[in-house]
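# Breakdown of the fold
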Amino acid sequence: MSKKSITLLLASIVILALLIILGSDNYLLLSFIFLALTLGVYFVKFERSQKTSREIVFIAIICALAVGGRVLFAALPSVKPELFILILGAIVSGPETGFLMGTIIALTSNMYFGQGAWTPWQMFALGIIGLVSGMIANKKIPTWILTIWGFASGFIMGWIMDIYYIIGFVNPITLKSVGISLAGSFYFDLIHAVFTAALLLLVGKRWIKIFDNYKIKYNLFKRA
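Let us look at the structure shown here. From a predicted model like this one, the values you see are computed outputs, not experimental measurements. (Residues numbered from 1 in each chain as written. Predicted model: local features only at pLDDT ≥ 70, side-chain atom pairs only at ≥ 80, totals over all residues. Heavy atoms only, no water.)

Here the structure, examined in full by the defined rule, presents 10 aromatic pairs. Between Phe84 and Trp207 the ring centres are 5.0 Å apart and the planes differ by 65°, which places this aromatic pair in the edge-to-face class. In this pair, Phe84 sits in helix α4 (residues 82-93) while Trp207 sits in helix α8 (residues 175-217), placing the two residues 123 residues apart along the sequence. Judged by relative accessible area, which is 3%, Phe84 ranks as buried. We classify Trp207 as partly exposed; its relative accessible area is 28%. With 5.4 Å between their ring centres and 80° between their planes, Tyr187 and Phe188 make a pair best called edge-to-face. Under the relative-accessibility criterion, Phe188 is labelled partly exposed at 39%. (Phe/Tyr/Trp six-rings, centres within 6.5 Å; stacked < 30°, edge-to-face > 60°. Helix = DSSP H or I, 4+ residues; strand = E, 2+ residues; numbered from the N terminus. Buried < 20%, exposed > 50% of the residue type's maximum accessible area, 1.4 Å probe, protein only.)

Right, here's the structure in full:
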């Protein structure tokens, strides 16, 4: 895990902590500050990186597949393959690119689902999942670990969005109100987690092989 990846992860956690501590009076402003900082800093870094045109095409393909899958299953709440595709794309490309893909997927897909104060939080959630998934780039990961991570990622995304909901819309914030909020989203988080884990269990290794073959053929992400 590179120093850049550690810095990015710690910065994201600090920003999330500030959003929680400062509370509902400031969550909207801080959400969009997070959006501006994350996109601004990371896209500047991306522009200065040595990404080849073929690597950019790969990133675009992963993002398009994830966005298309999310839109295609729009009628089925929580049954979305975007985490499955993001996790596999990040495993092949690395943590920083995984974070980038996560933010792009959330921002782009919300052009269909609708933009709002929740968009930065979804970008944060998918970015973190992409970042953590990319930490196992170039490693042979057992199917059972891949499946467990897929299951956990569904709840991680759900819990981050629960934080957004609680500090933005729950008043007063008490243990009871927080518990009710978490319980209300548990079913949807569970479906998302199970669906992602099932895809990774059934076809995860096959998709990684396809992506790896593409990576080797075009000599991509040698720095991941």
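The next subject is the packing of helix α5 (residues 95-113) against helix α6 (residues 118-134). Here α5 crosses α6 at 150°, and the two axes come no closer than 7 Å. Here α5 lies roughly antiparallel to α6, going by the angle between them. As for the relative orientation of α5 and α6, their crossing is right-handed in sense. Contact residues: α5 offers Pro95, Glu96, Gly98, Phe99, Gly102, Thr103, Ile105, Ala106, Leu107 and Asn110, while α6 offers Trp118, Thr119, Gln122, Met123, Leu126, Gly127, Ile128, Gly130, Leu131 and Gly134. Looking at the contact of α5 with α6 residue by residue, the classes come out as 10 nonpolar, 9 polar and 1 charged. (Axes fitted to C-alpha atoms, helices over the stretch in contact; angles between N-to-C directions. Parallel < 35°, antiparallel > 145°, perpendicular 65-115°, else oblique. Left-handed = near helix turned anticlockwise from the far one by under 90°. Contact = heavy atoms within 4.5 Å. Nonpolar A, V, L, I, M, F, W, Y, C, P; charged D, E, K, R; others polar.)

Moving on, we come to the environment of Gly158. Along the polypeptide, Gly158 turns up in helix α7 (residues 143-169). C-alpha separation for the pair Gly158 and Leu182, spaced 24 residues apart in sequence, amounts to 9.0 Å.

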